[in-house]
Amino acid sequence: MTNYAPDGLFGLLTPQANTTVEAEFRVLCPPGMLLLVARLISERATMDERLDEYVATLEATIARFSNAPLGAVALACTGMSYLVDPAEDRRRLDRIAAQRGYPVLTAAAAVGAALTALGARRVGIVSPYGDPLHGKALRYWEATGLDIVRTERLAGAERAFHPIYGLGGDSAQAALAAIGTDGLEAVVILGTGLPGLAALKGARTGAVPVLTPNLALMWLTDRTLRGRSADAASLRAWLDGTAWADRYNPAGAADARG
C-alpha cells in the first residue's frame, strides 16, 4: 500500500457539505489504515435533486481517486441508496468494481450487513430526514425484510446551513433515549451527516445494539481490507467501543496520533 497505510488504503466518498463523515471516520479508522476523501458534488437546489446527481455521477466521482492503490471505496451517503432500484444499484456497483479493481461499499449495505450479522430483524429507526426522504428510507429498509417496530424523527435545523448537518450530537442521544428498547433487537440511527459518536459511546452497555451508517461502514471497510469475515464476533469490538472509543473525545475529534 503506502507508508502510512500498512493495513490498507481506502477511498471515502462524502456529500459536499457533510461536516460529520470525515470527523467520525478519523476516529473510527483503525491505526494502520488510511482514507482518501473525494466529495460528491452537485449544484442542484434540493437534497433529493442533489442525491439524484450523486447517483448519476458516481463513476466519474470515483475516477477522481485516479490510480491510488485503494482496497475499497466507502460510500458514506445513505440517502443515495433510497433513490435507486436495489438490483440496478448492485449491477452498477459490480460494474464499477470490475473496472476499478476494488469494491464499492455503501453505507446502507453496511448497515444491512451489520444487522444480518447480529441476526436483528425487529428494529427501531432514528431518522433525521425530512419529507419525502424519510418515507423513502422506511420503504427501503422494509424492503430489505426489516420489521420497523418504532421510529423517532428528529426535527431538522431548518435555519442552519443544512437541516441534518446542523443538528448536534445531543439530538441523536435524545432520540435514542426516546425510542427505547422494548421489543427491539437493534436501533439504527440513520444519516451519515448526523453526529452519532456520543450516542454510540453512551449506548455501548445498553440492552440492544445501536448502529450508525458511519460505524457500520467503517466496520465493513475494515473487514474488506483485511480480507476477513464481516461476522458478529468482529462487529462486537465496534459496538462496545473497543475498536475506536479511546480515540474519541467529547468534542468529537480524534486524539492526536504519534
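Just so we're clear, the structure is a prediction, and the values are computed from it rather than from any experiment. (Residues numbered from 1 in each chain as written. Predicted model: local features only at pLDDT ≥ 70, side-chain atom pairs only at ≥ 80, totals over all residues. Heavy atoms only, no water.)

S.K.: Can you help me understand the overall build of the chain in this one?
M.R.: Looking only at helices and strands, the chain has 11 helices and 8 strands in total. Here the C-alpha radius of gyration of the chain, 17 Å, is about what a compact globule of 258 residues would show, namely 18 Å. Dimensions of the chain, computed from the C-alpha atoms along their principal axes, are close to 45 × 40 × 35 Å. Going through the 258 residues of the chain one by one, you find that 50% of them count as buried. Separation between the mean location of the 25 positive side-chain charges and that of the 26 negative ones in the chain comes to 3 Å. (Helix = DSSP H or I, 4+ residues; strand = E, 2+ residues; numbered from the N terminus. Rg over C-alpha atoms; globule rule 2.2 N^0.38 Å. Buried < 20%, exposed > 50% of the residue type's maximum accessible area, 1.4 Å probe, protein only. Lys, Arg positive; Asp, Glu negative; His and termini not counted. Charge placed at Lys NZ, Arg CZ, Asp CG, Glu CD.)

S.K.: Help me out: how do you make sense of the side chain of Ser-42 in this one?
M.R.: Its place among the elements puts Ser-42 in the loop between strand S2 (33–40) and helix H2 (47–56). Side-chain polar atoms of Ser-42 contact the side chain of Glu-53, separated by 2.6 Å. The contact partners of Ser-42, leaving out residues within four places of it in the chain, are Gln-16, Arg-50, Glu-53 and Tyr-54. (Polar contact = N/O pair within 3.5 Å; in protein donor to acceptor, adjacent residues only side chain to side chain. Contact = heavy atoms within 4.5 Å.)

S.K.: I would appreciate a short explanation of unusual backbone geometry in the present structure.
M.R.: The bulk of non-glycine residues show a negative phi, and the bulk of peptide bonds are trans. Cis geometry is adopted by the peptide bond preceding Pro-132, which originates at Asp-131 and carries an omega value of 0°. Positive phi, normally seen in glycine, also occurs at Ser-66, with a value near 55°. Assignment of secondary structure puts Ser-66 in the loop between helix H3 (58–62) and strand S3 (72–75). Residue Ser-66 is classed as partly exposed on the basis of its relative accessible area of 48%.

S.K.: How should the packing of aromatic side chains be read in this particular structure?
M.R.: Note on aromatic pairs: each is described by the distance of the centres and the angle between the planes. Scanning the model with the defined rule gives 5 aromatic pairs in all. Arranged with centres 6.3 Å apart and planes meeting at 70°, the rings of Trp-244 and Tyr-248 form a pair that is edge-to-face. For the residue pair Trp-244 and Tyr-248, the accessibility class agrees, reading buried in each case. Ring pairs connect the aromatic residues Tyr-82, Tyr-129, Tyr-140 and Trp-141, which therefore count as one cluster. (Phe/Tyr/Trp six-rings, centres within 6.5 Å; stacked < 30°, edge-to-face > 60°.)

S.K.: I would appreciate a short explanation of the sheet that holds strand S7 (residues 186–189) in the present structure.
M.R.: Judged by pairing direction, the sheet is parallel, and its 4 strands sit side by side in the order S6-S5-S7-S8 without closing on themselves. Of all strands in the sheet, those bounded by a partner on one side alone are strand S6 (147–153) and strand S8 (210–211). Pairing geometry for strand S5 (residues 122–127) and S7, over 4 bridges, is parallel. Residue pairing for S7: Ile-125 is matched across the bridge by Val-188. Running at roughly 160° to S6, helix H7 (residues 133–143) makes contact with S5 and S6 of the sheet. (Pairing = 2+ DSSP bridges. Axes fitted to C-alpha atoms, helices over the stretch in contact; angles between N-to-C directions.)

S.K.: Whenever I open this one, empty space enclosed by the protein confuses me. Can you help?
M.R.: Unoccupied space between atoms shows up once a probe the size of one water molecule is rolled over them. Scanning the model with the defined rule gives 1 cavity of 30 Å³ or more in all. As a volume, the largest cavity reaches approximately 60 Å³. Val-55, Leu-58, Leu-75, Met-80, Ser-81, Val-84, Asp-89, Arg-92, Leu-93 and Thr-106 are the residues that line the largest cavity. Going through the elements one at a time, helix H4 (78–81) and helix H5 (86–100) are the ones with two or more residues in the lining of the largest cavity. Classifying every residue of the lining of the largest cavity by side-chain character gives 6 nonpolar, 2 polar and 2 charged. (1 Å grid on protein atoms, 1.4 Å probe; cavity = no way out; pocket = protein on both sides within 12 Å on 5 of 7 lines; lining within 4 Å. Points joined across faces, edges and corners; volume = space filled by probe spheres on them. Nonpolar A, V, L, I, M, F, W, Y, C, P; charged D, E, K, R; others polar.)

Purely geometric numbers; function is a separate question.
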